[in-house]
Amino acid sequence: MLIEFLEALFLLSTMVMAAYLIRHYLFTIAVLKFGKKWKTASNHGNASYQPTVSILIPARNEEHVIGRLLQRMTELTYPKDKLQVIVIDDASRDGTGKIAEQYSEKYSYVKVIHRGEHEGGRGKASALNAGLKHALGEIVLCFDADYYPQKDIVEKLVKEFADPTVWAVQGRVVVLNEPQNVVTRLVALERTGGYRVDQEARDRLGLITQFGGTVGGFRRQLLEKLGGWDEQMLAEDTDLTFRIYLAGYKVKYVLDAECYEEAVDSWQAYWRQRYRWAKGHMQCAFKHALNLLKSDKLTLIQKIDGLLLLNVYFMPILVFTSWIVSIPLFVLKFCRWLSPFWVAASISMYSAVGNFAPFYEVGVGAYLDGRTRAQWLIPLLAFTFLYNVPICTKAFLDLLFSKLIGKNSNHWDKTAHFGNGNCYIAIFQKR
Amino acid sequence: MKSMVFGLVIGTLMVVFFHLLYVPSEVLQALLIFNIFFVCVYFPLNGPLKRKVAVLLAGNVICFLWNMMFSIFVCAVSAYLSGDFNALLAFLNPLLNLLWMVSFWSIGLTFLAEAKPEGWEKGAH
């Protein structure tokens, strides 16, 4: 009985993993085959469409980076009379508020909201909701404090709203401090796969384009209709993405709207950030999976893609489980249903060809970006995958435990930024 | 599409060549999988055909050497240990093949990337 159960578990997990791998291949092949066509066919919105825009910048203890972002806000090419920049100083204990105030005094379109200890520090969603109350623009954009956008990013994002069916947009995230060390280089590769291939393919194939929480925006009307950000969610961006799609709206991805982020630069920081993402994603999976399946606003393909997206952080756990299960089943030859030939053949195909899929996606992303050396580190992404196994397992167990005891454990472990990207700004300054 | 067909022909010729050298069947299988797979993921990319063929040939040599060494290792181990360990090696072999294939493919991309390095690769980083 136990063997049959293990076999069934193995087959099920292999099928789910195969679905993810096939998705990687499909996305990559689609971008390779149709990428140029999509680029030329794209109408790139309406450049003359210039509505009023509010930019929300939540900031908690960001004194090392907030100055460069606010300086960049003053350099944006979007008409300043249609721009409102709102900095939400979320109970900072450093000089963040003071730096923001200096810009506010100098530039009339910069506004600072100070949140005290009693109301602030409850996470990004809470800070964004506080900022939203002050937003006057027709369009609301969000940027994290450690980001550094292109000068014309507002035009690039906003022009998509000329299309009345577009209710939300997402731009591309590129790592600013890529050369800093191996962690930042690997994060940069992950970002390349995610934004150059994954998001582009999802958008063009009419699937679920993910709002990444920053470098993106919405019609204010939509945010108000949805009730803003859910403060109970750790991955407030993924949650909002699914709320948007479940309400019958869509997110548009704008590949050429680039923003440069300061990536985590140590394995400890990587752990903390991914742990928060994993737990938040899993929360979203519990919250939205059923609604997604029942929705009459989404197509079958969108539902499948949505489910794969929602459950993506369960993958490392699933892979690890299937490895554990496969050892007694196949190596010790306990398998009863499958003949040894098919077992060996499927393992070979799956291990060698299937597992190549995520590397393929990242490699093609780097290739399309014209990178000539970055892809040499691609094999090391296997290490980051292995590192994600304990991260996601811990996130899952913590979430399960908190659900069992009925305790809300949504502690927002904020990523600290030390301005390590400042020395690389010069390269991106003219863009 | 033409370059892919050409690549497949080259790959098939390489497998036939190694077959004539009486290499073990598991090495031939690995070569066959490598050739089909590599042609599918490498040849559709833009770049000179000569370079693609050169990289494919180099990959065949590495694939042959790697799998021959592994095959000899398995033979040596199986003389001393039980069949269970062989099963474990058979299980690990595709994963180990994957590691060198990913590394080889990623380096191979460098030869095809249109020389338009941006950002970091533009400077002296």
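Sequence order sets the numbering: in each chain, residues are counted from 1 along the sequence as written. A letter from A marks each chain and a number from 1 marks each ligand, given out in the order of writing. Local features are withheld for residues below a pLDDT of 70 in this predicted model, meaning they are given only at 70 or higher, and side-chain atom pairs are given and counted only at 80 or more; totals for whole chains, interfaces and linings count all residues. Excluding hydrogens and water, the side-chain figures rest on all heavy atoms present in the structure.

Participant: Give a detailed account of the overall build of chain A, specifying residues and quantitative values.
Facilitator: Comment: elements are numbered from the N terminus, with helices defined as DSSP H or I runs of at least four residues and strands as E runs of at least two. For chain A, the count of helices and strands is 15 helices and 8 strands. The C-alpha atoms of chain A give a radius of gyration of 22 Å, which matches the 22 Å a tight globule of 431 residues would have. Once the C-alpha set of chain A is aligned to its principal axes, its extents read approximately 75 × 50 × 45 Å. Counting the 431 residues in chain A, one finds 58% classified as buried. C-alpha atoms define the radius of gyration in this analysis, and the globule rule sets the expected value at 2.2 Å times the number of residues to the power 0.38. The buried label applies to any residue whose accessible area, calculated with a 1.4 Å probe on protein chains only, is under 20% of its type's maximum; exposed applies above 50%, and partly exposed to all values in between.

Participant: Quick rundown of the pattern of salt bridges? Include the residues and the values.
Facilitator: Residue and element names in this part refer to chain A. Every case where a carboxyl oxygen of Asp or Glu lies within 4 Å of a side-chain nitrogen of Lys or Arg is listed as a salt bridge. Applying the stated criterion across every chain yields a total of 22 salt bridges over all chains. Its salt-bridge partner being E117, residue R93 comes within 3.1 Å of it at the nearest N-O pair. With R93 in the loop between β2 (83-90) and α3 (96-106) and E117 in the loop between β3 (110-115) and α4 (124-132), this residue pair connects regions lying 24 residues apart in the sequence. The class for R93 is exposed, based on a relative accessible area of 64%. By relative accessible area, E117 is classed as partly exposed at 48%.

Participant: With reference to specific residues and values, describe the environment of E190(A).
Facilitator: Residues and elements named next belong to chain A. Among the secondary structure elements, E190 is positioned in helix α6 (residues 182-204). Taking the C-alpha atoms as reference points, E190 and P358, 168 residues apart in sequence, are found 9.5 Å from one another. Excluding its chain neighbours within four sequence positions, the residues that come into contact with E190 are Y270, R274, L381 and T384. Here a polar contact means two N or O atoms within 3.5 Å. Within protein one must be a hydrogen donor candidate and the other an acceptor candidate, and residues neighboring in sequence count only if both atoms are side-chain atoms. Reaching out from E190, the side chain makes a polar contact with the side chain of Y270 at a distance of 2.9 Å. Within polar-contact distance, the side chain of E190 engages the side chain of R274 at 2.9 Å. In this description, contact between two residues means that some pair of their heavy atoms is separated by no more than 4.5 Å.

Participant: Provide a residue-level description of the pairing of strand β7 (residues 216-219) of chain A, including the pertinent values.
Facilitator: Residue and element names in this part refer to chain A. Pairing of strand β4 (residues 139-142) with β7 involves 4 bridges; the strand directions are antiparallel. Bridged to L141 within β7 is G217. Relative to β7, strand β6 (residues 168-175) runs antiparallel, the two sharing 3 bridges. Bridging from a neighbouring strand, V169 pairs with G217 of β7. Each pair of strands is called paired provided DSSP finds at least two bridges between the two strands.

Participant: Can you break down the confidence of the model for chain B residue by residue, with the values?
Facilitator: Residues and elements named next belong to chain B. Residue-level confidence of the predictor is summarised by pLDDT, bounded by 0 at the bottom and 100 at the top. Summing up the model confidence of chain B, the mean pLDDT is 81 and the portion of residues at 70 or higher is 83%. By mean pLDDT, the top-scoring element of chain B is helix α3 (residues 49-78) (89), and the lowest-scoring one is helix α4 (residues 83-112) (80). Interface confidence in the predicted complex, given as ipTM, is 0.79; pTM for the same model is 0.87.

Participant: So what's going on with a nonpolar patch on the surface? Which residues, and what values?
Facilitator: All names here are of chain A. Nonpolar side chains (Val, Leu, Ile, Met, Phe, Trp, Tyr) within 5 Å and like charges within 9 Å form the patches, drawn only from residues with over 30% relative accessible area and no salt bridge. Computed by Shrake-Rupley with a 1.4 Å probe, the accessible areas treat only the displayed protein chains as cover when residues are assessed. On the surface, a nonpolar cluster with roughly 630 Å² of combined accessible area is contributed by F286, L397, L400, F401, L404 and I405. No other element matches the 4 residues that helix α14 (residues 381-404) contributes to the nonpolar patch. The topology assignment puts L400 in helix α14.

Participant: Which residues make up the domain arrangement of chain A, and what values do they have?
Facilitator: All names here are of chain A. Residue ranges for the domains originate in an automatic or database domain assignment. By domain assignment, chain A separates into domain 1 (2-32 + 298-405) and domain 2 (46-266). Computed from C-alpha coordinates alone, the two centres of domain 1 and domain 2 are separated by 31 Å. Contacts between the two partners involve 25 residues from domain 1, matched on the other side by 23 residues from domain 2. Buried area counts how much accessible surface, traced with a 1.4 Å probe, disappears from two parts once they are put together, with both parts' losses summed. Approximately 2,200 Å² of surface area, both sides summed, lies buried where domain 1 meets domain 2, with 72% of it carried by carbon and sulfur atoms.

Participant: Please give an account of α14(A) that cites residues and values.
Facilitator: A helix is expected to span 1.5 Å multiplied by its residue count minus one. In a regular helix each residue adds 1.5 Å, so 24 residues correspond to 34 Å; α14(A) covers 34 Å between its end C-alpha atoms and thus fits that length. When we look at burial in α14(A), the residues that qualify are L381(A), T384(A), Y387(A), N388(A), V389(A), I391(A), C392(A), A395(A), L399(A) and S402(A).

Participant: Account for the sheet that holds β6(A), with residues named and values stated.
Facilitator: Residue and element names in this part refer to chain A. Strand order across the open sheet formed by 8 strands is β3-β2-β1-β4-β7-β6-β8-β5, with mixed pairing between neighbours. Each edge of the open sheet carries a strand with a single partner, namely β3 and β5 (147-149). On average, adjacent strands in this sheet sit at an angle of 30° to one another, irrespective of strand direction. Across 8 bridges, β6 lies against strand β8 (residues 251-261) in parallel orientation. Fitted lines through C-alpha atoms serve as axes, helices being fitted only where they are in contact, and the angles separating the N-to-C directions of these axes extend from 0 to 180 degrees.

Participant: Before we move on, can you summarise the pairing of β8(A) with the specific residues and values?
Facilitator: Side chains on a regular strand alternate between the two faces of the sheet. All names here are of chain A. Counting buried positions along β8 gives 10 out of 11 residues, so the element sits mostly inside the fold. Both β5 and β8 contribute to a ladder of 3 bridges, which runs antiparallel. When the sheet's bridge partners are listed, Y148 is paired in β8 with Y260.

Participant: An account of α6(A) is requested, with residue identities and associated values reported.
Facilitator: All names here are of chain A. With 23 residues, α6 extends 32 Å from end C-alpha to end C-alpha; this agrees with the ideal 33 Å at 1.5 Å per step. Bend angle per residue: angle between axes fitted to the 7 residues ending at that residue and the 7 residues starting there. Along α6, the largest kink reaches about 30° and is centred on D198. If you check the start of α6, you find a side-chain oxygen 3.0 Å away from the backbone N of V183, and it comes from N181. At the C-terminal side of α6, G206 shows a positive phi close to 70°.

Participant: Which residues make up the nonpolar core, and what values do they have?
Facilitator: The biggest cluster of nonpolar side chains holds 54 residues, and the ones touching the most others in it are F218(A), W229(A), I244(A) and M282(A). Top element by residues in this core is helix α9 (residues 267-294) of chain A. It accounts for 9 residues. Filtering out sequence-adjacent residues up to four positions away, F218(A) remains in contact with E138(A), I139(A), V140(A), C142(A), F161(A), W167(A), A168(A), F211(A), L223(A), W229(A), L240(A) and I244(A). The set of buried Ala, Val, Leu, Ile, Met, Phe, Trp, Tyr and Cys residues whose side-chain atoms join them within 4.5 Å is what this entry labels a nonpolar core. Of all hydrophobic cores here, the second largest spans 46 residues; its members include V353(A), V27(B), A30(B) and V39(B).

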